[in-house]
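Descriptive structure summary
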Amino acid sequence: MIKKILVFFFAMFAVATYAQNGNITGTVVDTDGEPLIGVTAIIKGTTTGTVTDFDGNFTLTGKVGDVIVFSFMGMVAQEHTFNGSLIHVVMRDDT
């Protein structure tokens with residue numbers, strides 16, 4: 001009986017862990033609120049990344065707790081932890 005209960009809990013844990021994977025989406029703008037095209041967004045410690053589109057939007061496949069590093073030439077790099085909601089990044093000049 002204990003084995004069945006343990007198998008059930010391990011199966012539920014696996015499903016819950018898998019369910020946390022999904023799309024990380026957001027927008028990157030400058031301090032004037034203008035969208036930034038070509039900002040690099042990479043999940044820290046991985047090679048999973050993308051660049052922002054014409055409207056400053058991006059989408060990555062990841063999970064809650066992933067740290068996303070945003071970088072753009074002439075701007076201060078930023079890190080944001082994905083908490084399950086839309087990420088809004090305001091990039092600032094590095095001057």
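The structure we're discussing is the one just above.
Anyway, here's the lowdown on the structure attached to this text. (Residues numbered from 1 in each chain as written. Predicted model: local features only at pLDDT ≥ 70, side-chain atom pairs only at ≥ 80, totals over all residues. Heavy atoms only, no water.)

Describing the overall build of the protein chain
For the record, the criterion: Secondary structure elements are defined from DSSP: runs of H or I of at least 4 residues count as helices, runs of E of at least 2 residues count as strands, and each element is numbered from the N terminus. Buried residues are those whose accessible area, probed at 1.4 Å on protein chains only, stays under 20% of the maximum for their type, while exposed residues exceed 50% and partly exposed ones sit between those limits. Note on definitions: a residue-residue contact is assigned when non-hydrogen atoms from the two residues lie within 4.5 Å. Using the Shrake-Rupley algorithm and a 1.4 Å probe, accessible areas are obtained, with residue cover drawn only from the displayed protein chains.
When its secondary structure is counted, the protein chain shows one helix and seven strands. From first element to last, N terminus to C terminus, the protein chain shows the α and β order α-β-β-β-β-β-β-β. Split into buried and exposed, the 95 residues of the protein chain put 25% on the buried side. Sequence separation of at least 24 residues holds for 45% of the intrachain contacts in the protein chain that already meet a minimum separation of 6. Per element, the accessible surface of the protein chain, about 6,500 Å² overall, is 62% carbon and sulfur.

Digging into the packing of aromatic side chains
The condition is simple: When two rings of Phe, Tyr or Trp (its six-membered ring) have centres within 6.5 Å they constitute a pair, described as stacked for plane angles under 30 degrees, edge-to-face for angles over 60, and tilted for the intermediate range.
Using the criterion set out here, one finds one aromatic pair in the structure. Here the aromatic rings of Phe58 and Phe70 are separated by 5.3 Å at their centres, their planes lie at 70°, and the arrangement is edge-to-face. Of the two residues, Phe58 sits in strand E4 (residues 57–63) while Phe70 sits in strand E5 (residues 67–71), which places them 12 residues apart along the sequence. Here the two residues Phe58 and Phe70 agree in accessibility, since each one is buried.

A few points about the nonpolar core
Basically, it comes down to this: The criterion is simple. A nonpolar core is a set of buried Ala, Val, Leu, Ile, Met, Phe, Trp, Tyr and Cys residues joined through side-chain atoms within 4.5 Å.
In this structure, Ile24, Val28, Phe58, Ile68, Phe70, Ile87 and Met91 are the most contacted members of the largest nonpolar core, which totals 15 residues. Of all elements in the fold, only strand E1 (21–30), strand E2 (40–43), E4, E5 and strand E7 (87–91) reach the threshold of two or more residues within this core.

Remarks on the sheet that holds E7
Put simply, the rule reads: Paired strands are those between which DSSP finds at least two bridges. Axis angles are defined between N-to-C directions and span 0 to 180 degrees, where every axis is a line fitted to C-alpha atoms and, for a helix, only to the segment in contact.
The three strands are arranged E4-E1-E7 in an open sheet whose pairing can be described as mixed. With partners counted over all chains shown, the strands left at the sheet margins are E4 and E7, one partner each. Adjacent strand axes in the sheet meet at a mean angle of 30°, parallel and antiparallel pairs treated alike. With seven bridges joining them, E1 and E4 adopt antiparallel strand pairing. Residue pairing in the sheet places Gly22 in a bridge with Gly62 of E4.

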